[in-house]
Amino acid sequence: MDAMTAAPTPPSTDLPRPGLRERKKARTRTAIRHATYRLIREHGYDATTVERIAELAEVSPSTVLRYFPAKEDIVLTDEYGPLLVAEVRARPADEPWFASLRYALKKLAGPGTSEEPEVIRLRTRLMAEVPALRSRAAERMTVTGGLLCQVIGERTGRDPGSFEVRVFATSLVGGLTEASLYWAEHHHEDDLGTLVDRALDVLDHGLTRENHEAAGPARMPS
């Protein structure tokens, strides 16, 4: 935004416009998502078409696709990667980097997030049930993995593009995805934050007697 150059000049009417546009975009995205969730609950994923979403959200199909390139993108949130990076960067610089990562992940997986628990459960259930969603999620892992490489490099002093950092970031994204799928496959009975913590234990320590005992008796999804 341009700075004001003359004292008598009243506040520019141009200043609020970017904020208003962003708020309008946010409202449109929210309306599209809410319409999608409602239609999926009422009719199922396959019957929820872009045209039906547009009608319920009171926008055009082209608007839906302008905000979300594919139907799968409406269900899959694109906010967690940047939020995770921001949370890690906000931690004390002298905190062990893995402790910062654990804190940030548990905070995002715990109560108090911006999304309703019912929406999170619906998304994870659909990821477990709909192959197209799992495929799309896998495509988007590379973006999240790239963000994690950057923040891991910052905290460890390693090259973000190094082999070791890339392997760890990819393993972390895969582990978090499996935690979500396991949660859904077991009817959301477990606490998601606890599953995330267990996934981090595996990445930090490997398969140990402690995390084997913590898992309890083997059980299959019903």
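Residues numbered from 1 in each chain as written. Predicted model: local features only at pLDDT ≥ 70, side-chain atom pairs only at ≥ 80, totals over all residues. Heavy atoms only, no water.

### Regarding the overall build of the chain
Spelled out, the test is: Numbering goes from the N terminus for both helices and strands, where a helix is a DSSP run of H or I of at least four residues and a strand is a run of E of at least two. Burial status follows relative accessibility: with a 1.4 Å probe on protein chains alone, a residue under 20% of its type maximum counts as buried, one over 50% as exposed, and anything between as partly exposed. We call two residues in contact when some of their heavy atoms are within 4.5 Å. All accessibility values rest on the Shrake-Rupley procedure with a 1.4 Å probe; residue burial counts only the protein chains present in the view.
Counting secondary structure elements, the chain contains 11 helices and 0 strands. Of the regular secondary structure in the chain, the N- to C-terminal order runs α-α-α-α-α-α-α-α-α-α-α. Put simply, the chain has 222 residues, and 36% of those count as buried. Relative to all contacts within the chain whose residues are 6 or more apart in sequence, the contacts with residues 24 or more apart total 65%. Split by element, the accessible area of the chain, about 13600 Å² in all, is 56% carbon and sulfur.

### Concerning the packing of helix H9 (residues 163-185) against helix H10 (residues 192-205)
To keep it simple, the criterion reads: Helix axes use the C-alpha atoms of the stretch in contact, all axes being lines fitted to C-alpha atoms, and the angles between their N-to-C directions lie in the range 0 to 180 degrees. Each crossing is labelled by how the near helix is turned from the far one, with a counterclockwise turn of less than a right angle marking it left-handed and a clockwise turn marking it right-handed. Here the term charged refers only to Asp, Glu, Lys and Arg, the term nonpolar to Ala, Val, Leu, Ile, Met, Phe, Trp, Tyr, Cys and Pro, and the term polar to all other amino acids, Gly among them.
For the pair H9 and H10, interaxial distance at closest approach is 9 Å and the crossing angle is 145°. Classified by chirality, the crossing of H10 by H9 is right-handed. Where H9 abuts H10, its residues Phe168, Ser171, Leu172, Gly175, Leu176, Ala179, Ser180, Tyr182 and Trp183 lie against Leu192, Leu195, Val196, Ala199, Leu200 and Leu203. Here the residues of the contact of H9 with H10 sort into 12 nonpolar, 3 polar and no charged.

### Some remarks on the pattern of salt bridges
Threshold: The term salt bridge refers to a side-chain nitrogen of Lys or Arg lying within 4 Å of a carboxyl oxygen of Asp or Glu.
With the rule as written, the count across this model stands at 13 salt bridges. The partner of Glu129 in a salt bridge is Arg125, and the shortest N-O contact between them spans 3.0 Å. Placement of both Glu129 and Arg125 in helix H7 (residues 117-129) is noted, with a separation of 4 residues, approximately one turn of the helix. Using a relative accessible area of 33% as the deciding quantity, one classes Arg125 as partly exposed. Bridged by salt links that share partners, the residues Asp73, Arg136, Glu139 and Arg140 form one connected network.

### Some words on the packing of aromatic side chains
Put simply, the rule is: Two rings from Phe, Tyr or Trp (for Trp, the six-membered ring) form a pair when their centres are within 6.5 Å of each other. A pair whose planes differ by under 30 degrees is stacked, one over 60 is edge-to-face, and the rest are tilted.
The tally for this structure, following the rule as stated, stands at 3 aromatic pairs. Centre to centre, the rings of Trp97 and Phe98 are 5.6 Å apart; their planes meet at 85°, and the pair counts as edge-to-face. The class of Trp97 is partly exposed, set by a relative accessible area of 28%. Each ring, one from Trp97 and one from Phe168, has its centre 5.3 Å from the other, and the planes form 75°; the classification is edge-to-face. Here Trp97, found in helix H6 (residues 97-109), pairs with Phe168, found in helix H9; they are 71 residues apart in sequence, far enough to count as distant.

### Considerations on the environment of Thr144
Structurally, Thr144 is set in helix H8 (residues 131-156). Separated by 62 residues in the primary sequence, Thr144 and Pro82 place their C-alpha atoms 8.0 Å from one another. Once residues within four sequence positions are removed from consideration, Thr144 is found in contact with Gly81 and Val173.

### Quick word on unusual backbone geometry
Of note, the phi angle at Glu58 is positive, near 60°, even though the residue is not glycine. Relative to the helices and strands, Glu58 is located in the loop between helix H2 (50-57) and helix H3 (61-67). Here the phi dihedral of His188 falls at roughly 55°; this positive angle occurs in a residue that is not glycine.

### Brief notes about the nonpolar core
Heads up, the rule is: Working definition of a nonpolar core: buried Ala, Val, Leu, Ile, Met, Phe, Trp, Tyr and Cys residues. They are joined through side-chain atoms within 4.5 Å.
Leu84, Leu101, Leu105, Leu148, Ile152 and Leu172 are the most contacted members of the largest nonpolar core, which totals 25 residues. Broken down by element, the residue count for this core peaks at 8 residues, all from H9. Filtering out sequence-adjacent residues up to four positions away, Leu148 remains in contact with Leu84, Ala169, Leu172 and Val173. With 13 residues, the next largest nonpolar core counts Val119, Leu122, Val130 and Ala137 among its residues.

### Brief notes about H10
Heads up, the condition is: A helix is expected to span 1.5 Å for every residue after the first. In protein, a polar contact means a hydrogen-donor-capable atom and an acceptor-capable atom, both N or O and within 3.5 Å, with residues adjacent in sequence counting only if both atoms are side-chain atoms; elsewhere, any N or O pair within 3.5 Å suffices.
Here H10 is 14 residues long and its end C-alpha atoms lie 20 Å apart, about the 20 Å a rise of 1.5 Å per residue gives. Buried residues of H10: Leu192, Gly193, Leu195, Val196, Asp197, Ala199 and Leu200, and no others. Where the residues of H10 are buried, they touch H6 and H9. The opening residue of H10 is Asp191, an N-cap whose side-chain oxygen sits 3.2 Å from the backbone nitrogen of Gly193.

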